[in-house]
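What the coordinates show
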Amino acid sequence: MKVVTVIGARPQFIKAAVVSAAFRDTAGSVKEVLVHTGQHFDDPMSRVFFEQMMIPEPAYHLGVHSLSHGAMTGRMMELLEEVLLQEKPDALMVYGDTNSTLAGALVASKLHIPVAHVESGLRSFDMLMPEEINRIVTDRLSRWLFCPTATAVRNLEAEGFRSFPAEIIMNGDVMLDAALRFRDLARKPEEIHDGEFILATVHRPATTDNPAALTSVFHSLAAMAHTIPVVIPLHPRTSGMLSKYGVDTNLPGVTLIPPVGYLESLWLLQHARMVVTDSGGLQKEAYFFSKPCLTLRDETEWKELVEAGVNITAGTSPENIMTAFNILINLRFVPDLSLYGNGEASRIIAKTLA
Ligand code: UDP
């Protein structure tokens, strides 16, 4: 079984690390060819993950980045088509909800190469999010729908996927596999001083590309920092937008650091008092490490966390953010990791394809 795996963005490197290792453990039943589209390309957003998580060097680097959605997806499709015609794989594997995911699924399905989608079935029900469009189209084109949660399975069922020629597999979340495998290797980032802190990340276009939302989020983080210092590993898109909109980031108690590697991110998660984020992945990782999560969005794909009362979707208004902050800051809980499988999600994927 030959699988071409398309990855291009930070969270995809993290997910691919554990699945790629599971493929290597099949004793040759699954042979993987890695393709890096180049969507995230600089060292702190790409290379560091390959080094820390021992991901093999991709066979192809497409070098596509910094373009509009249409241009980026189109350029990736052209180049991926060439790769697939040359490699003639038995299946194509994609992760999550980025333009790299969509481009891979479109090209493969037109060449009649079956698609495996990891993190299938997630929905925010907000069609203004580019990620939601990418997820829905990719799911519809996929032959294997690997779902991280029971909610994801229910979403697919509600959309009629049981009547499509596709297999719905509830395999669990590969990010749990990664967190369990790498947590003991966590490393403290150099920039961090001793003492309590709140971990915050901001990178979604819905927050970064809206000056009012971005300003409001940073004002709120400054307000939280009156109680507990805030540490923000800053995504390159966010730094670009903060300077473009002239948002003041020189705020007492708020420390901006460059994006960190996965091992440093795991350290920050394990030592933070709570997490404030618009990231998808970080919401779950906060849960894995028993940290309450304030989500800077109006909805989340990880509904089970909101139902468990450990995640509040506060949006970007300062009033809502501060109300949620006051509820979450003293919350203590023990996570039920079984919501996200049993740490064997990547092995189930490898076994299914093998
Ligand atoms: N992450 C990281 N370094 C950082 C910020 C995040 O390694 O500076 C990790 C984080 O631990 C999680 C993943 O990146 O595993 C989340 O990716 P991101 O927030 O970029 O994307 P999303 O999950 O929203 O798709």
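Residues numbered from 1 in each chain as written. Predicted model: local features only at pLDDT ≥ 70, side-chain atom pairs only at ≥ 80, totals over all residues. Heavy atoms only, no water.

1. Some thoughts on the side chain of T37
How we decide: A run of DSSP states H or I qualifies as a helix once it reaches four residues; a run of E qualifies as a strand once it reaches two. Both are numbered from the N-terminal end. The buried label applies to any residue whose accessible area, calculated with a 1.4 Å probe on protein chains only, is under 20% of its type's maximum; exposed applies above 50%, and partly exposed to all values in between. Here a polar contact is taken to be a pair of N or O atoms separated by no more than 3.5 Å, where protein atoms must pair a possible hydrogen donor with a possible acceptor and residues adjacent in sequence count only if both atoms sit in side chains. Two residues form a contact once any of their heavy atoms are found within 4.5 Å.
Checked against the element boundaries, T37 lands in the loop between β2 (31-36) and α2 (47-52). With a relative accessible area of 0%, T37 lands in the buried category. Separated by 3.4 Å, the side chain of T37 and the backbone nitrogen of Q39 make a polar contact. If sequence neighbours within four positions are ignored, T37 has contacts with V6, I7, G8, L62, G63, V64, M76 and S100.

2. Observations concerning helix α5 (residues 130-141)
The condition is simple: Residue count minus one, scaled by 1.5 Å, sets the expected span of a helix. As used here, the arc belongs to the directions running from the helix axis to the C-beta atoms.
Here α5 contains 12 residues, and its C-alpha end-to-end distance of 17 Å stays within 8% of the 16 Å for a straight helix at 1.5 Å per residue. Listing the buried residues of α5 in full gives E131, E132, N134, R135, T138 and D139. For α5, the arc enclosing every buried residue in end-on projection is 160°, short of the 170-degree limit, so these residues lie on one face. Where α5 is buried, its residues meet β4 (91-95), α4 (99-110), β5 (115-118), β6 (144-147), α6 (150-158) and α8 (205-208).

3. Considerations on the environment of I192
Locating I192 in the fold gives a position in the loop between α7 (174-182) and β8 (198-201). Put simply, I192 and V231 are 39 residues apart on the chain and 8.2 Å apart in space, counted from C-alpha to C-alpha.

4. Considerations on the sheet that holds strand β9 (residues 230-233)
Paired through backbone hydrogen bonds, the strands of a sheet run either parallel or antiparallel to each other. Rules: Strand pairing is assigned whenever DSSP identifies at least 2 bridges connecting the two strands. Where helices are involved, their axes are fitted lines through C-alpha atoms of the stretch in contact, as for all axes, and angles between N-to-C directions lie from 0 to 180°.
A sheet is described by the order of its strands in space; here 6 strands give the open sequence β10-β9-β8-β11-β12-β13, paired in parallel fashion. The sheet terminates laterally at β10 (254-257) and β13 (311-313), the two strands that pair on one side only. Here the strands of the sheet are splayed against their neighbours by 20° on average, with no regard to which way each runs. When strand β12 (residues 293-295) meets β13, the two strands line up parallel, connected through 3 bridges. Note that in β13 the partner of T295 across the bridge is T313. On the sheet, helix α9 (residues 211-224) packs against β8, β9, β10, β11 (274-277) and β12 and is oriented at approximately 140° with respect to β9. Docked against the sheet, helix α12 (residues 281-288) engages β8, β11, β12 and β13, running at close to 170° with respect to β11.

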